[in-house]
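Listed below are the residues making up each chain.
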Amino acid sequence: MALIVHKYGGTSMGSTERIRNVAKRVAKWARAGHQMVVVPSAMSGETNRLLGLAKELAPAKSTDATNRELDMLASTGEQASSALLAIALQAEGMASVSYAGWQVPIRTNSAYTKARIESIDDQKVRADLAAGKVVIVTGFQGVDELGHITTLGRGGSDTSAVAVAAAMKADECLIYTDVDGVYTTDPRVVPEARRLNTVSFEEMLEMASMGSKVLQIRSVEFAGKYKVPLRVLSSFTPWDIDLTEEAQSGTLITFEEDEQMEQAIVSGIAFNRDEAKISVLGVPDKPGIAYQILGAVADANIEVDMIIQNISRDGKTDFSFTVNRNDHARAMDLLKDKIVPALGAQEATGDTKICKVSIVGIGMRSHVGIASKMFRCLSEEGINIQMISTSEIKTSVVIDEKYMELAVRALHKAFDLDIAKV
Ligand code: ADP
Ligand code: ASP
Ligand code: MG
């Protein structure tokens, strides 16, 4: 008997028919003797629908007070799907109870719309499991010190599931979704993408942070920190397939490098359309400018990703960086109103039509020439590189958004990631 956490994404919970299927699958696992904790997302489209309603009423920039209400609102999606799943399980003859984040409780900090989990009390869940119930814990939400409902950022149910698995010391956390595992890149963009049987934790972390939305990055961080055995698999297989077969399907996130079955130099390609580029031109080149620009941006709670400072000419330099697209307008206002005049810089320009494409692989540590192969591939496609950043196991470039799919497809092919043709 094992303690297993299942997480079902929005599409997997997308209709009452699908919820019934989830209930049948979970009941199969429980009847096989496992203690089951299930973390569902809201039904697909529901979070967008709710946040869309809020936007109709308050299209302007968000304030802390509004963000609090956004969490109050968006968290209801998961509350509904959790209750529906508990009802479906009971209809299958399986004792079941659902809890909202605040009932568990799942404690978070107070950063509304992007809160971080601080602790999870496992007592109630354990007592229910001991009483033979399937326990359903709402994904995506928690509660702060003062009792305000918080949410964990888009895609946050993955993190709820892995955090619950870590807190419960579960034997495994299975992330059921609408694809049958982690692929070399998003199979919706590159149909030739291949499913990986295993992917190392480090590669998964880079892929998630570079934009592969199959797992929210914080869920991968949690899995790494607490060594939670984690698997991504399909919720669209028939619910009554053999349990042992199901338990070994999909993609396993591995923690040991030598467990790697597929030692490719580049394991995956990620892309991210959520960023925007900002350049501050004609900045007098003297000590402290990076701090003056980025310090002010950080004080406004705007996260910066890539940074480039050009070599100076005639005592002036250009300074570019990327921010989340949602923060672009706010960052531009700040630069134009305060930073550019304070620095005596020429001007600030912005570009929201960019994307970041990254190649990821632990093989990059021990092989040279991988980045240059990437640059050659892009140049052969006539794609101009605007910014570059590297880490030990990834190289990222910023390019014009309109070339994103072309770049991802060309790189996928250049690094031999396409499905082997027979
Ligand atoms: P869920 O609602 O189950 O959380 P998501 O939509 O958040 O599902 O994540 C699954 C989606 O992630 C897939 O449908 C796929 O389009 C996308 N995706 C992006 N990159 C990858 C990748 N490398 N492997 C698999 N899926 C990916
Ligand atoms: N429902 C939330 C979202 O759409 C959380 C999740 O699905 O993981 O972002
Ligand atoms: Mg998701």
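Above this text sits the structure in question.
Heads up: these notes are all about the structure in this document. Bear in mind the structure is a predicted one, so any value in this text is a computation, not a measurement.

## Brief notes about the side chain of Thr47
Then step 1. Checked against the element boundaries, Thr47 lands in helix α2 (residues 46–57).
Then step 2. According to the relative accessible area criterion, Thr47 is buried, its value standing at 10%.
Then step 3. Those residues in contact with Thr47, other than ones at most four positions away along the chain, are Ala42, Ala74, Glu78, Phe140 and Arg154.

## Focus on the pairing of strand β18 (residues 354–360)
Then step 1. In terms of burial, β18 is largely enclosed, as seven of its seven residues are buried.
Then step 2. Burial along β18 is two-sided: Ile354, Lys356, Ser358 and Val360 and Cys355, Val357 and Ile359, pointing in opposite directions, are all buried.
Then step 3. Where strand β13 (residues 268–272) and β18 come together, five bridges link them in antiparallel fashion. If you follow Ala270 over to β18, its bridge partner there is Ser358.
Then step 4. As defined by bridge partners, β18 adjoins strand β20 (residues 394–400) across seven bridges and the pair is classed as antiparallel.

## Looking at the site of ligand 2
Then step 1. Contacts to ligand 2 come from Ser41, Thr47, Glu78, Phe140, Arg154, Gly155, Gly156 and Ser157.
Then step 2. The backbone of Gly155 places a nitrogen or oxygen atom 2.9 Å from an oxygen atom of ligand 2.
Then step 3. Residue composition of the shell around ligand 2, by class: one nonpolar, five polar and two charged.

## Description of the side chain of Asp418
Then step 1. In this fold, Asp418 is placed in the segment after α12 (404–414).
Then step 2. In terms of polar contacts, Asp418 uses its side chain to reach the side chain of His412, at 2.4 Å.
Then step 3. Setting aside residues no more than four positions away along its own chain, Asp418 makes contact with Glu192, Arg194, His412 and Lys413.

## Notes on the sheet that holds strand β15 (residues 304–309)
Then step 1. Pairing is antiparallel across the open sheet formed by four strands, whose spatial order is β15-β16-β14-β17. Single-partner strands in this sheet number two, and they are β15 and β17 (347–351). Ignoring which end each strand starts from, the neighbouring axes of this sheet average 15 degrees apart.
Then step 2. Across five bridges, strand β14 (residues 275–284) lies against β17 in antiparallel orientation. Looking across to β17, one finds that Lys277 is bridged to Asp351.
Then step 3. Strand contacts of helix α9 (residues 289–299): β14, β15 and β16 (316–324), with the helix running at about 25 degrees to β16, the strand carrying the most contacts.
Then step 4. Running over the sheet, helix α10 (residues 328–343) touches β14, β16 and β17 and is turned about 5 degrees from β14.

## Details of the nonpolar core
The nonpolar side chains of a soluble globular protein tend to be buried with one another.
Then step 1. In terms of nonpolar packing, the biggest core is built from 42 residues, with Val5, Val137 and Cys173 touching the most fellow members.
Then step 2. Ranked by residues supplied to this core, first place goes to helix α5 (residues 157–168) with seven residues.
Then step 3. With near-sequence residues (within four places) excluded, Val137 lies in contact with Val37, Val38, Val39, Pro40, Ser82, Tyr99, Val104, Ile106, Val125 and Val164.
Then step 4. The next biggest cluster of nonpolar side chains, apart from the first, holds 25 residues, and it includes Val38, Ala86, Leu89 and Ala247.

## Description of the sheet that holds β18
Then step 1. A sheet is described by the order of its strands in space; here four strands give the open sequence β13-β18-β20-β19, paired in antiparallel fashion. Both edges of this open sheet fall to β13 and β19 (387–391), since each of them pairs with a single strand only. For this sheet the average axis-to-axis angle between neighbouring strands, irrespective of direction, equals 20 degrees.
Then step 2. Contacting β13, β18, β19 and β20, helix α6 (residues 201–209) crosses the sheet at an angle of about 170 degrees to β18.
Then step 3. In the packing of helix α11 (residues 370–380) onto the sheet, the strands contacted are β18, β19 and β20, and the crossing angle to β20 comes to about 20 degrees.

## So, unusual backbone geometry
Then step 1. The linkage connecting Val104 with the following residue, Pro105, adopts the cis geometry, with an omega of -15 degrees.
Then step 2. Counting through the fold element by element, Pro105 comes out in the loop between β3 (96–99) and β4 (106–108).
Then step 3. Positive phi values are uncommon outside glycine, yet Lys227 reaches one of about 50 degrees.
Then step 4. Here Lys227 falls in the exposed class, since its relative accessible area comes to 52%.
Then step 5. Positive phi outside glycine occurs at Asp314, with the angle close to 55 degrees.
Then step 6. Relative to the assigned elements, Asp314 resides in the loop between β15 and β16.
Then step 7. By relative accessible area, which is 78% here, Asp314 ends up exposed.

What counts, and at which threshold
Residues numbered from 1 in each chain as written. Chains lettered and ligands numbered in written order. Predicted model: local features only at pLDDT ≥ 70, side-chain atom pairs only at ≥ 80, totals over all residues. Heavy atoms only, no water. Helix = DSSP H or I, 4+ residues; strand = E, 2+ residues; numbered from the N terminus. Buried < 20%, exposed > 50% of the residue type's maximum accessible area, 1.4 Å probe, protein only. Contact = heavy atoms within 4.5 Å. Pairing = 2+ DSSP bridges. Near = heavy atom within 4 Å. Polar contact = N/O pair within 3.5 Å; in protein donor to acceptor, adjacent residues only side chain to side chain. Nonpolar A, V, L, I, M, F, W, Y, C, P; charged D, E, K, R; others polar. Axes fitted to C-alpha atoms, helices over the stretch in contact; angles between N-to-C directions. Core = buried A, V, L, I, M, F, W, Y, C linked by side-chain atoms within 4.5 Å.

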